[in-house]
Amino acid sequence: MKRYFETYDHGPERFFDEVFSKEGTPRPHYGKLLQRFRQFSQEDINARREIINIDFRNQGITFTVYGVDEGIERIFPFDLIPRILPAKEWEVLEKGLLQRITALNEFLFDIYHTQKILKDKIVPAELILGSRHFAREFVGVNPPLGVYIHVTGSDLIRDGEGNYLVLEDNLRTPSGVSYMLQNRQALKRAFPAIFGKYKVRPIENYPQELLRTLQEIAPPGRFDPNVVLLTPGIYNSAYFEHSFLARQMGIELTEGKDLVVNNNKVYKRTTRGLERVDVIYRRVDDSFIDPLVFRPDSRLGVAGLINAYRKGNVALANAIGTGVADDKVIYSFVPKIIRYYLGEDPILQNVPTWLASNPADLKYILENLGSLVVKAANESGGYGMLVGPESTLAEQEKFAEMIVANPRNYIAQPTISLSRHPSFINDSELFGCHIDLRPYVLYGKNVTIVPGGLTRVALKRGSLVVNSSQGGGSKDTWVIDE
Amino acid sequence: MILKVEHTTIFEYDSPIYETATEVRLHPDTSPLSPQRCASFKLQVEPPATIFDYTDFYGNVVNHFNILQSHKKVKILATSVVDTGNGQSRAGDDEEILLTDFTGESRYVHFDQGIREFTSMFTTLEDKCQLAEHICREINGTFVYEPGVTDVHSTSAVVMALGRGVCQDFAHVMLAACRYLSIPARYVSGYLYGGGSTPDGRDEASHAWCEVFCGKEKGWVGMDPTHKTLFADERYIKIGSGRDYSDVPPVRGTYKGNAQEKLGVSVRVSAME
């Protein structure tokens, strides 16, 4: 009988394999896991997979696939082999994320107040004022505790040498944390013995930590604050997560139509009449959240909410206008932003990024279109993306024209290298699939980072796309103390 | 000149509506940089509502209120007394960053083919303020004042192609031309004493014009492409300014219910001396 990992190919050298070194020897922290998996037969694995599938289906853990299959709910593929991060490695990530999030929050405070960083010309003013996420409505407003980004999920990847790099910061309404929690539960149920062999840091208290963060930002004098979760509704792809988190926190799941603003305060409609709302964990985008201020055609929001928020009568998490700090151009300034506000060197590095608006960079981009990934900086541009190595000369020429015509709208990065991790690409076969990592950071009175996060995995041979809508799945992620 | 403004806005509905939320931008400019002084401002609303206020990104005072119970009519009466000035606002100390907002495109101000052709006749002039004056005169001389051909959402590109419109439209075209030639310019909402919004002064209503940035020394010079006099003076009462109309709409709101809305506006500007 064939044993698992007997024929595993740890792949080409340009990718970092999480489990095996370049020489093919297992990394020490995976030792016990490999030992156990080598003893499993295919029946053992199938039986466990069945347990998990039934479990997921019963709990309704699904996501909605947009597009051709609109409205179809699928089970989010869960890969049985967990990803393991030694505590030492994690501690560096933790420090790096803390530094990055602290600096980005200071940046947002500055941008929405004195704009010192613009006056000092560290970040060009036209990039901020020209960003469609810059909320003029929110300038001069003081969010509770001075915090803008209560929940973030930055995406991390590892280069060929295994260095962690930040691919993007998600400072608006990052999703996926419910999968992180469900994955842990599923894995503990399916592999209790292996789980017991490691000292895995717990993540189960995330909903309570989130609730505590939300309670901390309640308006002054509101003891025992009323916290609600605002969802766009059942047609949103993350609706499962919204209902899951609301249930876990023991708070009400509401839609825009359930709330109303009266005399600059927010209320929830109940059978007993209107009930004051103090904090809203909102999973509705800025542009839809208040038809009086933003898109007048939105039916997902609450008219007058922004004015109540400005007055401090209700708190929002995350704050309004945080998207100005996570667009693709501002991303390239984050190392400078960290140095500017904290006077420190960045602990976590960015993926190298060239800005077409910078003449020297522009020259480099145009000369290397065949090997770079070019992205439109402003998502609303809609010109898409050029993946150099997979493009034709004609496509490259077309992009060159667009870049020259509007350099401010383009950035370029080297073709992304994602590390690989053994994963089941079908019932019996293990393959080194590409993965990333999205740790979740909570920011209230203090910064709390859940150990690990969500590891997303591209469950197609060679694919670099880890998104759930494109055949991606996820893994349980362990931070272990040795 | 001390002027009194009575501005009445009435929304009527053919069936009951409820949960209206309304923002009002009718408070005369109170900025210390402004040449005018706002002596008093009173806002009355029917059905009665508690009125709140805040100051927006551009320094405009915004009043807002809501009405929960069902109603078929909302009346908003704004009464203000203003001691007017010469139509020029001083430049702020921190203006440089803000100028970015007044040199690019915005919701109703577009750099289309029409504006590129229109501005090609001006490019030889050196002095930017003079250049803006020429643009203002050109629009005043060649565009036809005609209500009803445009609406509040018409862009500068639409007006440019039509060659006609009302004060708001001319202001948008002037902004597009100035900004396309890198002259910072902003949209001004307000009133005009004895002139209204029409060139012949028949109609009394809200008015709109532009302010052009003529350097730190001269500040923002008010220019009005709708009237032959071209420059704002003590007959002009400024409410506020922004990138275009969308930043300073006099009244903006939402409501629930299914009804046809009818809007009635009347403005009276009278001299108090």
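Residues numbered from 1 in each chain as written. Chains lettered and ligands numbered in written order. Predicted model: local features only at pLDDT ≥ 70, side-chain atom pairs only at ≥ 80, totals over all residues. Heavy atoms only, no water.

Colleague: Pulling in residues and values, what's your account of the interface of chain A and chain B?
Modeller: On the chain B side, the residues contacting the 23 residues of chain A number 22 residues. Buried surface at the junction of chain A and chain B, both sides included, amounts to about 2,000 Å², of which 58% is carbon and sulfur. Viewed at the interface, chain B and chain A are joined by three salt bridges. Applying the counting criterion to the chain A and chain B interface returns 11 residue pairs in polar contact (both at pLDDT 80 or more). (Contact = heavy atoms within 4.5 Å. Buried area = accessible area lost by both parts, 1.4 Å probe. Salt bridge = Lys/Arg side-chain N within 4 Å of Asp/Glu carboxyl O. Polar contact = N/O pair within 3.5 Å; in protein donor to acceptor, adjacent residues only side chain to side chain.)

Colleague: Before we move on, could you go through the state of the cysteines and cite the residues and values that matter?
Modeller: Residue and element names in this part refer to chain B. Summed over all chains, the structure comprises one disulfide over all chains. Between the sulfur atoms of cysteine 129 and its disulfide mate cysteine 214 the distance is 2.2 Å. Disulfide cysteine 129-cysteine 214: the torsion about the S-S bond is 70 degrees, which places it as right-handed. Of this pair, cysteine 129 sits in helix H3 (residues 128-142) while cysteine 214 sits in the loop between strand E10 (207-213) and helix H6 (215-218); the two residues are 85 residues apart in sequence, bridging distant segments of the chain. Comparing cysteine 129 with cysteine 214, the two get one shared label, buried. Of all cysteine sulfurs in the structure, the one in cysteine 210 sits closest to cysteine 167, which takes part in no disulfide; the separation is 10 Å. You can see cysteine 178 has no disulfide; the closest cysteine sulfur is in cysteine 210, sitting 6.6 Å from it. (Disulfide = S-S within 2.5 Å. Helix = DSSP H or I, 4+ residues; strand = E, 2+ residues; numbered from the N terminus. Buried < 20%, exposed > 50% of the residue type's maximum accessible area, 1.4 Å probe, protein only.)

Colleague: Break down the packing of helix H6 (residues 177-190) of chain A against helix H9 (residues 239-249) of chain A for me, with residues and values.
Modeller: Residue and element names in this part refer to chain A. Between H6 and H9, whose axes approach to 9 Å, the crossing angle comes to 70 degrees. It follows that H6 is roughly perpendicular to H9 by the angle criterion. Remark: the crossing between H6 and H9 carries left-handed chirality. Only Phe240, Glu241, Phe244 and Leu245 of H9 make contact with H6, whose side of the interface consists of Val177, Ser178, Tyr179, Leu181 and Gln182. (Axes fitted to C-alpha atoms, helices over the stretch in contact; angles between N-to-C directions. Parallel < 35°, antiparallel > 145°, perpendicular 65-115°, else oblique. Left-handed = near helix turned anticlockwise from the far one by under 90°.)

Colleague: Tell me about the sheet that holds strand E18 (residues 385-387) of chain A, residues and numbers included.
Modeller: Residue and element names in this part refer to chain A. The antiparallel open sheet is built from four strands, whose spatial order is E16-E19-E17-E18. Of all strands in the sheet, those bounded by a partner on one side alone are strand E16 (354-355) and E18. Direction of pairing for E16 relative to strand E19 (residues 410-414): antiparallel, over a ladder of two bridges. Opposite tryptophan 354, over in E19, you have alanine 412 as the bridge partner. Set on the sheet, helix H15 (residues 393-405) makes contact with strand E17 (372-376), E18 and E19; between it and E18 the angle comes to about 135 degrees. (Pairing = 2+ DSSP bridges.)

Colleague: Break down the pattern of salt bridges for me, citing the residues and quoting the values.
Modeller: Residue and element names in this part refer to chain B. Counted according to the given criterion, the structure contains 41 salt bridges over all chains. Two residues, arginine 25 and glutamate 23, come together in a salt bridge whose shortest N-O distance is 3.0 Å. In this structure, arginine 25 and glutamate 23 share a single accessibility class: buried. The partner of aspartate 247 in a salt bridge is arginine 243, and the shortest N-O contact between them spans 2.9 Å. Classification of aspartate 247 as buried rests on a relative accessible area of 12%.

Colleague: Report on helix H1 (residues 31-39) of chain A, specifying residues and quantitative values.
Modeller: Because an α-helix packs 3.6 residues into every turn, residues spaced three or four apart end up facing the same way. Residue and element names in this part refer to chain A. Of all the residues in H1, the buried ones are Leu33, Leu34 and Phe37. Buried residues along H1 cover an arc of 95 degrees about the axis, so they all sit on one side. Buried-residue contacts for H1 involve helix H2 (42-59), strand E3 (78-86), helix H7 (192-197) and strand E20 (420-424). (Arc of directions from axis to C-beta.)

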